[in-house]
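Below, each chain spelled out in residue letters.
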Amino acid sequence: MSDLKVSVVIPTYNERDNISALIEKLSLLFQSRGLQGEIIIVDDNSPDGTADEAEAHARRFPVRVLRRGQKSGLSSAVLSGFGIAGGEILGVMDADLSHDPEAVGALVEAVTSGRAEVSVGSRYVEGGGIRDWPALRRFMSWFAILLARPLTSVRDVTSGFFFLRKEVIEGVRLSDRGFKIGLEVMAKGRYGKIVEIPYTFTDRRKGSSKLKAGEVVDYLSQLMSLYGDRIIRVLQRKSRAR
Ligand code: GDD
Ligand code: MN
């Protein structure tokens, strides 16, 4: 139990066949944990009618749907969702049930208890894992994580499943390009402690992945910008020390 309100932002593009099950699972979890929760679906005008499907639940469940005109990317959708969120705790998860709703309780608790300001759903700590991913996708994920290794102590830096106190990102400029909004938060957010909570990522059963080659380019450019920021900060510190 906690008095803090939790806003879970879920970006969607063509997730009609997944969204209802997720809304129901999350709402039940809020209830069973005594959480004041809201679900914010950020839909980019999905041709399959995801937004209408989600809105149909608004009478029974704490759901709001933010409709955007066109497909503008995952990170950008998450930032739009944060913009209208009413909670002191903000969370992000995918719509396709890959991110286990069962793990949300522990992720929220890590932050409301004060144990950390950011909690990350992690495939790469003990107890976590990946189900049903082809070998190539596993390799790509491993390699992507390797490239970001020096930026944070977090093992699952490309996780798209995380919770935080809203102060962590207040006044912080986060890039809205690409998929990796979690990495932006981990690298630029203002927090003392971050914890990883294990969960098993399960490949989607319905619909198709939106991760395209373009996201790889976006990820590389995001990394360059984050490393650039780091280098500038180190140089500034050195010149001040002189
Ligand atoms: N609104 C909106 N606009 N939503 C989008 C867009 C977009 O342009 N692109 C993707 N989404 C939504 C999808 O509908 C889904 O809910 C979520 O973002 C993730 O998209 P997927 O296509 O399922 O991505 P993935 O499974 O390949 O990768 C995900 O999981 C990885 C492991 O945690 C992403 O979250 C990755 O960032 C993450 O590394
Ligand atoms: Mn997915």
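This text goes with the structure placed above it.
Sequence positions are assigned chain by chain, starting from 1 and proceeding in written order. For this description, chains carry letters from A and ligands carry numbers from 1, given in the order in which they are written. Residue-level local features of this predicted model are given only where pLDDT is at least 70; pairs of side-chain atoms are given and counted only at 80 or more, and the full residue set underlies all totals for whole chains, interfaces and linings. Water and hydrogen atoms were dropped before computing side-chain values, which therefore reflect all heavy atoms in the structure.

Our focus in this paragraph is helix H6 (residues 181-188). Residue exposure (1.4 Å probe, protein chains only): buried if accessible area is under 20% of the type maximum, exposed if over 50%, otherwise partly exposed. Secondary structure counts use DSSP, requiring at least four H or I residues in a row for a helix and at least two E residues in a row for a strand, with both numbered from the N terminus. A large share of H6 lies buried, amounting to seven of its eight residues. Contacts: residue pairs with any heavy atoms within 4.5 Å of one another. Among the structural elements, helix H3 (74-84), strand E5 (118-122), helix H5 (135-148), strand E7 (162-165), strand E8 (194-198) and helix H7 (213-241) are those in contact with the buried residues of H6.

The seven strands lie next to each other as E3-E2-E1-E4-E7-E5-E8, forming an open sheet whose pairing is mixed. Every other strand in the sheet has two partners, leaving strand E3 (63-67) and E8 as the edge strands with one partner each. Sheet twist, expressed as the average angle between the axes of neighbouring strands with direction ignored, equals 20°. Whether two strands pair depends on DSSP finding at least two bridges between them. Where E5 lies against E7, three bridges are found, and the strand directions are antiparallel. Residue Val 120 lies in a different strand from E7, and its bridge partner there is Phe 162. Interaxial angle, 0 to 180 degrees, is taken between N-to-C directions of lines fitted to C-alpha atoms, where a helix line uses only the stretch in contact. With respect to the sheet, H3 is in contact with strand E1 (5-12), strand E2 (36-43), E3 and strand E4 (89-92), its orientation differing from that of E1 by roughly 150°.

Next up on the list: the pattern of salt bridges. The salt bridge definition used is simple: a Lys or Arg side-chain nitrogen within 4 Å of an Asp or Glu carboxyl oxygen. Following the criterion strictly, the structure yields 13 salt bridges and no others. We note a salt bridge from Arg 204 to Glu 15, for which the minimum N-O separation is 2.9 Å. Here Arg 204 is found in the loop between strand E9 (200-202) and H7, whereas its partner Glu 15 is found in the loop between E1 and helix H1 (16-33), with 189 residues between them in sequence. Its relative accessible area of 15% is what places Arg 204 among the buried residues. The residue Asp 96 makes a salt bridge to Arg 204 at a minimum N-O spacing of 3.2 Å. With Asp 96 in the loop between E4 and helix H4 (104-112) and Arg 204 in the loop between E9 and H7, this pair connects stretches of sequence that are 108 residues apart.

On to the side chain of Thr 12, then. Within the secondary structure layout, Thr 12 lies in strand E1. Among the residues examined, Thr 12 registers a relative accessible area of 4% and is labelled buried. Setting aside residues up to four positions removed in sequence, Thr 12 forms contacts with Ile 19, Ile 41, Val 42, Asp 43, Asp 44, Ser 46, Thr 50 and Ala 95.

Here H6 crosses H7 at 5°, and the two axes come no closer than 11 Å. Classified by the angle between their axes, H6 and H7 sit roughly parallel to one another. Taken together, the residues of H7 that come into contact with H6 (itself represented by Leu 183, Glu 184, Ala 187 and Lys 188) are Tyr 219, Gln 222, Leu 223, Leu 226, Asp 229 and Arg 230. Side-chain classes are defined by residue name, with Ala, Val, Leu, Ile, Met, Phe, Trp, Tyr, Cys and Pro counting as nonpolar, Asp, Glu, Lys and Arg as charged, and the others, Gly among them, as polar. Residues belonging to the contact of H6 with H7 are distributed by class as follows: five nonpolar, one polar and four charged. Angular relationships are summarised with four words: roughly parallel below 35 degrees, roughly antiparallel beyond 145, roughly perpendicular across 65 to 115, and oblique for the angles in between.

Let us now look at the nonpolar core. Residues belong to one nonpolar core when they are buried, are Ala, Val, Leu, Ile, Met, Phe, Trp, Tyr or Cys, and are joined through side-chain atoms within 4.5 Å. Within the largest apolar cluster, 36 residues are counted, with the highest numbers of intra-cluster contacts made by Ile 10, Ile 41 and Phe 163. Elements that contribute at least two residues to this core include exactly E1, H1, E2, helix H2 (50-55), E3, H4 and E8. Here this core gets six residues from one element, more than from any other, and that element is H1. The residues contacting Phe 163, other than those within four sequence positions of it, are Val 6, Val 8, Ile 89, Leu 90, Gly 91, Val 104, Leu 107, Val 108, Val 111, Glu 117, Val 118 and Ser 119.

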